[in-house]
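Structural characterization, general
So the chains spell out like this:
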Amino acid sequence: SDTPVTVLGLGAMGTALACALLKAGFRTTVWNRTAAKAEALAGEGARHAATVAEAVEASPLVVVCLLDHDSVHDTLAPVAGALSGKAVTNLTSGKPRQARELAAWAADRGVDYLDGGIMAVPPMIATPAAFILYSGPRDVFETHRAALDAMARSEYLGEDVGLASLYDIALLSAMYGMFAGILHAHALIRSEDIKAADFAPMLGSWLNGMSGAATGVAARIDQGDYAQGVVSNLAMQEAGFHHLLETAEEQGVSPELLAPLAPLMTRRVADGHGHEDLSGLVELLRTRA
Ligand code: NDP
């Protein structure tokens, strides 16, 4: 393709994104605060801009992948004029509120703003396993779709610009919950001097099998019905869960990664939901009406 694209930020992720764009044939201009990080990419055909302003001038689409919200704001604010009439796709991880703030800032300056969330580590970029979440104006997404698709599969979530980071953080939250479980399981196994590698295949297949539960949980949440077709009722699970915590203590393992679930289960049972499904705990997590 001949569409020029600019990438601001050449950390591990920005470098992977710029590489993918170059490989797909996009005329790619790069900038990084520490200029030396652009050298390898320049060797592969990227244009190395010495300043942010020069980088922004080079392309109608500016992909931003910096450390955090503040670094994005500090980098873009001085070149707001040059950005006017261009599209900014911000792939820096952030919060929904920050995306809305940047979108408002951009709108005031005539800049098209698309927020994004990268669901991949750098080596996964431009492989089938990677995807990038987008939210913001649909026409901006469609206009630049080819370049966006060159970095990873694009998942457009809607016009509400906060959605990409909300989904990003929801997916990461589920991932960290999984990591908490994985680490706790390994701590238990290690307490008997069993090699982690000997346990890992069984753990992996168990997690794969259980991942299907996400669909059933969703159906119950959408129906607001946690009582139909229950196969493992909460009262039973609440009783069993204490064995998990006690076993941890007895094996010399801190239960702290799992412990927060126990009082939620107990509360839900006490509220009269012991015959229902575990997924009803979601009703206890809402802190705003
Ligand atoms: P790195 O730490 O490798 O790179 C950080 C980049 O931000 C560098 O280009 C750095 O410039 C730049 N930077 C930091 N502060 C400033 C500043 N004040 N002004 C200008 N530039 C600044 O991080 P990654 O590339 O790994 O991550 C970039 C973004 O991608 C983050 O938001 C991260 O959450 C997200 N992401 C990363 C993933 C990963 O696995 N790596 C996965 C998914 C998302 P300099 O070189 O000069 O220090």
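Residues take numbers from 1 onward in each chain, read along the sequence in its written order. Note on the predicted model: pLDDT of at least 70 is required for a residue's local features to be given, and 80 or more for side-chain atom pairs to be given and counted; whole-chain, interface and lining totals, by contrast, use all residues.

**Examining the overall build of the protein chain**
Selection rule: Each helix is a run of DSSP H or I of at least 4 residues and each strand a run of E of at least 2, with the numbering of both proceeding from the N terminus. Exposure is read from a count of other C-beta atoms within 10 Å of each residue's own; the residue is exposed at 12 or fewer, buried at 20 or more and partly exposed in between. C-beta atoms are placed from the backbone. Note on contacts: each residue gets a C-beta atom placed from the backbone, and two residues are in contact if those atoms are within 7 Å.
The secondary structure content of the protein chain amounts to 13 helices and eight strands. Dimensions of the protein chain, computed from C-alpha atoms along their principal axes, come out at roughly 65 × 45 × 30 Å. Residues counted as buried form 32% of the 289 residues belonging to the protein chain. Considering only residue pairs separated by 6 or more positions, the protein chain has 61% of its internal contacts joining residues 24 or more positions apart.

**Thoughts on helix H13 (residues 261-273)**
Condition: In a helix, the anticipated span is given by 1.5 Å times the number of residues less one. By arc we mean the arc of the directions from the helix axis to the C-beta atoms, nothing more.
Here H13 spans only 15 Å end to end across 13 residues, well under the 18 Å set by a 1.5 Å rise per residue. Within H13, the full set of buried residues consists of Met265, Arg268 and His273. Here the buried residues of H13 occupy an arc of 65° about the axis, which is enough to place them on one side. In H13, the exposed positions that point more than 90 degrees away from the buried face belong to Pro263, Ala270 and Asp271.

**Observations concerning the domain arrangement of the protein chain**
A common measure of how large an interface is: the accessible area buried when the components associate. Defined as follows: Annotation comment: domain bounds sourced from an automatic or database domain assignment.
One can read the domain layout of the protein chain as domain 1 (5-166) and domain 2 (215-289). Using only C-alpha atoms to locate each centre, domain 1 and domain 2 end up separated by 40 Å.

**So, the confidence of the model for the protein chain**
Under the convention used in this document: Confidence scores labelled pLDDT are given residue by residue by the predictor and lie between 0 and 100.
The pLDDT averaged across the protein chain works out to 97; a share of 100% of its residues lies at or above 70. With a pTM of 0.95, the predicted complex shows an ipTM of 0.99.

**Concerning the UniProt feature "transmembrane region" (unreviewed entry) in the protein chain**
Short version of the rule: UniProt positions are given in the numbering used here, feature names are shortened, and annotations may be inferred rather than shown by experiment.
Mapped onto the present numbering, the UniProt feature "transmembrane region" (unreviewed entry) falls on residues 5-26. This span, residues 5-26, is 55% helix and 18% strand, and a straight line between its end C-alpha atoms measures 7 Å.

**Notes on the UniProt feature "domain: NADPH-dependent reductive aminase-like C-terminal" (unreviewed entry) in the protein chain**
Following the UniProt record, one finds the feature "domain: NADPH-dependent reductive aminase-like C-terminal" (unreviewed entry) at residues 160-286. Across residues 160-286, the secondary structure splits into 67% helix and 0% strand, with the terminal C-alpha atoms separated by 21 Å.

**Side note on the site of the ligand**
Where we set the bar: Proximity of a residue to a molecule or strand is defined by its backbone-placed C-beta atom lying within 6 Å of that partner. Each residue gets one of three labels, nonpolar for Ala, Val, Leu, Ile, Met, Phe, Trp, Tyr, Cys and Pro, charged for Asp, Glu, Lys and Arg, and polar for the others, Gly among them.
In the vicinity of the ligand there are 22 residues, among which Gly11, Met13, Arg33, Thr34 and Ser93 approach most closely. Among the elements of the structure, helix H1 (12-23) and helix H4 (69-76) are those that each provide at least two residues to the shell around the ligand. Counted by class, the shell around the ligand contains nine nonpolar, nine polar and four charged residues.

**Re the environment of Ala147**
Its place among the elements puts Ala147 in helix H8 (residues 145-151). Taking the C-alpha atoms as reference points, Ala147 and Cys19, separated by 128 residues in sequence, lie 12 Å from one another. When residues no more than four places from it in sequence are discounted, the contact partners of Ala147 are Thr3, Val5, Leu21, Phe26 and Leu61.

**Some points on the packing of helix H9 (residues 163-190) against helix H10 (residues 196-211)**
Helix packing for two helices is described by the angle between their axes and how far apart those axes are. The test is simple: Here an axis means a line fitted to C-alpha atoms, over the contact stretch when the element is a helix, while the angle between two N-to-C directions is reported on a 0 to 180 degree scale. Left-handed describes a crossing in which the near helix is turned anticlockwise from the far one by less than a right angle; the clockwise case is right-handed.
Where H9 meets H10, the closest approach of the two axes is 11 Å, and the angle between their N-to-C directions is 140°. In the crossing of H9 with H10, the sense of the turn from one axis to the other is right-handed. Contact with H9, carried on its side by Met178, Ile182, Ala185, His186, Ile189 and Arg190, involves Ala196, Phe199, Leu203 and Leu207 of H10 and no other residues of that element. Taken together, the residues that form the contact of H9 with H10 break down as eight nonpolar, one polar and one charged.

**Considering the packing of helix H12 (residues 234-250) against H13**
Stated formally: Orientation labels follow simple angle bins: below 35 degrees gives roughly parallel, above 145 gives roughly antiparallel, 65 to 115 gives roughly perpendicular, and whatever is left gives oblique.
Relative orientation of the contacting elements H12 and H13 amounts to 155°, with a least axis distance of 10 Å. Compared by their axis directions, H12 and H13 come out roughly antiparallel. Viewed along their axes, H12 and H13 form a crossing whose handedness is left-handed. Facing H12, whose interface residues are Leu234, Ala235, Gln237, Glu238, Phe241, His242 and Leu245, H13 presents Leu261, Ala262, Met265, Thr266, Arg268, Val269 and His273. Residue classes in the contact of H12 with H13 are distributed as eight nonpolar, four polar and two charged.

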